[in-house]
Amino acid sequence: MPVVLLAVLAITVLVSLVAFADESIREKCIFEIRKIRMGDHYRLLSSGLVHGDIFHLFFNMYALYLFGSQFIYFSSPVFFAVMYFVGLAAGSLLTLFVHQNDFFYRALGASGAVSAIVFGTVIFDPHLEIMIFPIPIGIPAYIFGLLFLLYSMYGMKAANDNIGHTAHLGGAVAGYVFTAIAYFGAFSATLPFSAIPAAAFLGLGIYQFGFKK
């Protein structure tokens, strides 16, 4: 496993586990509109170090583990690190925009960062088979990505937990767009499958922001 991926996994898991035991750490890191607008801008990034529960932590870290090595293989450790933090920031900024008037909105998790890596990997190898227990067959990366988006869409509409579902979309778009630009040759070589997420982003964006009642 690449050192940079191992470091991100280890730090995130460690801080999340400590935060499970110490509520004050979770409160200092969590994304909260009111406190960010009061000046706690560090929460745009620190929220990626804490998670809602052990399942939330496992889901994010397992997805990062599945896609992270492939992303680094096709790009570089430096580009992985850059895109991880770009995805985290993009997810938080989109969340801040969408919920800007909901002062008590709170969210947490590395969803934006993980989404950036997931959809960046789709650029390189949309047919990469992902094994998910207990499904006995591999799922192509672009299908996994679409399922990830559907889960995000449901969470954004339900809004019944503190998981940063809006951040999924922000991070996914950032990872997809920046990777496609930086590695346009790879994007072109894997068409039309590498373009499927773009259509999904457009549809989700229209659904979420264009037809609000």
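What counts, and where the lines are drawn
- Starting afresh in each chain, residues are numbered from 1 along the sequence in its written order.
- Only residues with pLDDT of at least 70 get local features here, since the model is predicted, and only at 80 or more are side-chain atom pairs given and counted; chain-wide, interface and lining totals rely on the full set of residues.
- Calculation of side-chain values draws on the structure's entire complement of heavy atoms; hydrogens and water are dropped beforehand.
- In this description a helix means any DSSP run of H or I spanning at least four residues, a strand means any run of E spanning at least two, and both kinds are numbered starting from the N terminus.
- Each residue's exposure class comes from its accessible area (1.4 Å probe, protein chains only) as a fraction of the maximum for that residue type: buried when under 20%, exposed when over 50%, partly exposed otherwise.
- Contacts are assigned to residue pairs with any non-hydrogen atoms lying within 4.5 Å of each other.
- To measure how exposed things are, a 1.4 Å probe is used in the Shrake-Rupley method; for residues, cover is taken only from the protein chains shown.
- Confidence of the predictor at the level of single residues is given by pLDDT, which spans 0 to 100.
- For helices, the axis comes from a line fit to the C-alpha atoms of the stretch in contact; other axes are also lines fit to C-alpha atoms, and the angle between any two N-to-C directions lies between 0 and 180 degrees.
- An angle below 35 degrees is treated as roughly parallel, one above 145 as roughly antiparallel, one from 65 to 115 as roughly perpendicular, and anything else as oblique.
- Note on residue categories: nonpolar means Ala, Val, Leu, Ile, Met, Phe, Trp, Tyr, Cys or Pro, charged means Asp, Glu, Lys or Arg, and polar means any other residue, Gly included.
- Handedness of each helix crossing follows the sense of rotation of the near helix against the far helix: counterclockwise by less than a right angle gives left-handed, clockwise gives right-handed.
- Two aromatic rings from Phe, Tyr or Trp, using only the six-membered ring of Trp, form a pair when their centres are within 6.5 Å; if the ring planes differ by under 30 degrees the pair is stacked, by over 60 it is edge-to-face, and anything between is tilted.
- Grouping buried Ala, Val, Leu, Ile, Met, Phe, Trp, Tyr and Cys residues that are joined through side-chain atoms within 4.5 Å yields what is termed a nonpolar core.
- In the sections that follow, a salt bridge refers to a side-chain nitrogen of Lys or Arg positioned within 4 Å of a carboxyl oxygen of Asp or Glu.
- We define a polar contact as two N or O atoms separated by no more than 3.5 Å, with the added condition that, inside protein, one atom must be a possible hydrogen donor and the other a possible acceptor, whereas residues neighbouring each other in sequence contribute only through side-chain atom pairs.
- Each helix should span, by expectation, one fewer than its residue count multiplied by 1.5 Å.
- Fitting one axis to the seven residues ending at a residue and another to the seven starting there, the bend at that residue is the angle between the two axes.

Undergrad: I keep staring at the overall build of the protein and nothing clicks. Help me out?
TA: Counting its secondary structure elements, the protein contains 11 helices and 4 strands. Counting all 213 residues of the protein, 47% fall into the buried class. A sequence separation of at least 24 residues applies to 75% of the contacts in the protein between residues at least 6 apart. A total of about 10,200 Å² of accessible surface is found on the protein, and carbon and sulfur atoms cover 73% of it.

Undergrad: I tried to follow the confidence of the model for the protein on my own but got confused; where do I start?
TA: Caution is warranted with low-pLDDT regions, since their predicted coordinates should not be read in detail. Of the residues in the protein, 87% reach a pLDDT of 70 or more, and the chain-wide mean stands at 86. The least confident element of the protein, judged by mean pLDDT, is helix 11 (residues 196-210) at 67; the most confident is helix 1 (residues 3-21) at 97.

Undergrad: Mind showing me how you'd approach the packing of helix 5 (residues 54-74) against helix 6 (residues 77-98) here?
TA: Any two packed helices are characterised by how steeply their axes cross, that is the angle between the axes, and by the distance between the axes. One way to put it is that helix 5 packs onto helix 6 with a least axis distance of 8 Å and a crossing angle of 135°. With respect to helix 6, the axis of helix 5 lies oblique. Two secondary-structure elements touch here, helix 5 through L64, G68, F71 and I72 and helix 6 through P77, F79, F80, M83 and Y84. When grouped by side-chain class, the residues that make up the contact of helix 5 with helix 6 number 8 nonpolar, 1 polar and no charged.

Undergrad: Got a minute to help me understand the packing of helix 5 against helix 7 (residues 111-124) in this structure?
TA: Put simply, helix 5 and helix 7 touch, their axes get as near as 8 Å, and they point 35° apart. The interaxial crossing formed by helix 5 with helix 7 has left-handed handedness. In this structure, helix 5 contributes H56, N60, A63, L64, F67, G68, Q70, F71 and F74 to the contact, and helix 7 contributes S111, V114, I117, V118, G120, T121 and F124. Split into classes, the residues belonging to the contact of helix 5 with helix 7 amount to 9 nonpolar, 7 polar and no charged.

Undergrad: Explain the packing of aromatic side chains here, please?
TA: The geometry of an aromatic ring pair is captured by two quantities: the separation of the ring centres and the angle between the planes. Applying the stated rule across the entire model yields 15 aromatic pairs. Between F79 and Y183, the ring centres sit 5.2 Å apart and the planes meet at 70°, which makes this aromatic pair edge-to-face. Remark: Y183 occurs in the loop between helix 9 (165-182) and helix 10 (184-189) and F79 occurs in helix 6; sequence separation between them is 104 residues. Looking at Y183, the relative accessible area reads 26%, which means it is partly exposed.

Undergrad: How should I be thinking about the nonpolar core in this particular structure?
TA: Taken as a class, soluble globular proteins show a tendency for nonpolar side chains to be buried jointly. Counting residues in hydrophobic clusters, the biggest one holds 40 residues, and the most contacted among them are L64, F67, F80, Y84, I117, F119 and F144. Broken down by secondary-structure element, the contributors of at least two residues to this core are helix 1, helix 5, helix 6, helix 7, helix 8 (141-158) and helix 9. Of all hydrophobic cores here, the second largest spans 6 residues; its members include F31, I33, Y105 and A107.

Undergrad: What should I look at first to understand the pattern of salt bridges in this one?
TA: Think of it this way: side chains of opposite charge can pair up when their charged atoms draw near. Scanning the model with the defined rule gives 5 salt bridges in all. When the shortest N-O distance is used, the salt bridge between E27 and R106 registers 2.7 Å. Residue E27 is found in helix 2 (residues 23-29), and its partner R106 is found in strand 2 (residues 106-107); the two are separated by 79 residues along the sequence. A salt bridge links E32 to R106, with the shortest nitrogen-to-oxygen separation between them at 2.9 Å. Placement of E32 in strand 1 (residues 31-32) and of R106 in strand 2 is noted, with a sequence separation of 74 residues between them. Summarising the burial analysis for this pair, E32 and R106 share the class buried. Salt bridges sharing common partners tie together E27, E32, R34 and R106.

Undergrad: When you look at the environment of R106 in this model, what are you seeing that I'm missing?
TA: Sequence spacing of R106 and E32 is 74 residues, and the spatial spacing of their C-alpha atoms is 4.4 Å. A polar side-chain atom of R106 sits 2.7 Å from a polar atom in the side chain of E27. Of note is the side chain of R106, whose polar atom sits 2.9 Å from the side chain of E32.

Undergrad: How should helix 5 be read in this particular structure?
TA: Since there are 3.6 residues in each turn of an α-helix, residues three or four apart along the chain are aligned in direction. With 21 residues, helix 5 should reach 30 Å at 1.5 Å per residue; the first-to-last C-alpha distance of 30 Å fits that figure. At F67, helix 5 shows its maximal kink, close to 35°. Residues of helix 5 that are buried include every one of H56, L57, N60, M61, A63, L64, L66, F67, G68, F71 and I72, and no others. Capping the start of helix 5, D53 holds a side-chain oxygen 3.1 Å from the backbone nitrogen of F55, two or three residues further along.

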